[in-house]
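Okay, here's what each chain looks like letter by letter:
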Amino acid sequence: MNEPSSSPERPTFRHRCAAELKSKRETAGLSQESLAERAGFHRSYVSQVERAVQNMSLDNLERLHLALTQMQLSGDIKSLRMRFAKNMKRERVDQGLSQEKLAELAGLHRTYVSQVERGVTSISLDNVEKLAAALGRDEESLLDTHINS
């Protein structure tokens, strides 16, 4: 009879983002209401995101982060969506995968992968996780600015 594994499963990307967002909000001494107001969302959306009930997009993750830090995205800094797009495409090409093959491995449609690579569509945290897994990379590395220098 097999014994259960002693190492806990790694939380999903959505759950890790939710926990980090909640931690940063609490550290900043902000209520969900005040963060929601800063980011232009309803308080219930922030609550759902922090509980990982809501699968938010990279665009909304970036809006919440900017609201927490009270920063604005300057013209010389690529958006989170565009950094992911560039890094994902570079990794796909480096691995010799077609968009069609990557889409198949991730369980997504090829045209969606094409749109994500061009940065023309928003991508959810769950789909970031699927694409990262298909590429054998962790999600954070595909969002990292150092990869796309």
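Residues numbered from 1 in each chain as written. Predicted model: local features only at pLDDT ≥ 70, side-chain atom pairs only at ≥ 80, totals over all residues. Heavy atoms only, no water.

Trainee: How would you explain the overall build of the protein if you had to name every residue and give the values?
Mentor: A tally of regular secondary structure across the protein gives 9 helices and 0 strands. Ordered by position from the N terminus, the helices and strands of the protein form the series α-α-α-α-α-α-α-α-α. A total of 149 residues make up the protein; the buried ones form 44% of that total. Taking contacts inside the protein between residues at least 6 apart in sequence as the whole, the part at least 24 apart equals 60%. (Helix = DSSP H or I, 4+ residues; strand = E, 2+ residues; numbered from the N terminus. Buried < 20%, exposed > 50% of the residue type's maximum accessible area, 1.4 Å probe, protein only. Contact = heavy atoms within 4.5 Å.)

Trainee: Describe in detail the packing of helix H5 (residues 80-94) against helix H8 (residues 125-135), supporting the description with residues and values.
Mentor: Contact pair H5 / H8: the axes reach a minimum separation of 10 Å and the direction vectors enclose 25°. Taken together, the axes of H5 and H8 lie roughly parallel to each other. Crossing handedness for the pair H5 and H8: left-handed. Residues Phe84, Met88, Glu91 and Arg92 of H5 form the contact with H8, whose participating residues are Val128, Leu131 and Leu135. Residue classes in the contact of H5 with H8 are distributed as 5 nonpolar, no polar and 2 charged. (Axes fitted to C-alpha atoms, helices over the stretch in contact; angles between N-to-C directions. Parallel < 35°, antiparallel > 145°, perpendicular 65-115°, else oblique. Left-handed = near helix turned anticlockwise from the far one by under 90°. Nonpolar A, V, L, I, M, F, W, Y, C, P; charged D, E, K, R; others polar.)

Trainee: Help me get a handle on the side chain of arginine 16, residues and values and all.
Mentor: Within the secondary structure layout, arginine 16 lies in helix H1 (residues 13-27). A distance of 2.7 Å separates a polar side-chain atom of arginine 16 from the backbone oxygen of proline 11. A polar contact is formed between the side chain of arginine 16 and the side chain of glutamate 139, at a distance of 2.5 Å. Leaving out residues up to four positions away in the same chain, arginine 16 has contacts with Arg10, Pro11, Glu139 and Glu140. (Polar contact = N/O pair within 3.5 Å; in protein donor to acceptor, adjacent residues only side chain to side chain.)

Trainee: Quick rundown of the environment of alanine 52? Include the residues and the values.
Mentor: Position of alanine 52 relative to the elements: it lies in the loop between helix H3 (43-50) and helix H4 (58-69). Among the residues examined, alanine 52 registers a relative accessible area of 8% and is labelled buried. Alanine 52 sits 40 residues away from threonine 12 along the chain, and the two C-alpha atoms are 9.4 Å apart. The residues contacting alanine 52, other than those within four sequence positions of it, are Arg14, His15 and Ala18.

Trainee: Any details on H1? Residues and values, ideally.
Mentor: Between its first and last C-alpha, H1 extends 21 Å over 15 residues, near the 21 Å set by a 1.5 Å rise per residue. Residues of H1 that are buried: Phe13, Arg14, Arg16, Cys17, Ala18, Leu21 and Arg25. Looking at the packing, one finds that the buried side of H1 touches helix H2 (32-39), H3, H4, H8 and helix H9 (139-143). A positive phi of about 75° marks glycine 29, the residue just after H1. (Expected span 1.5 Å × (residues − 1).)

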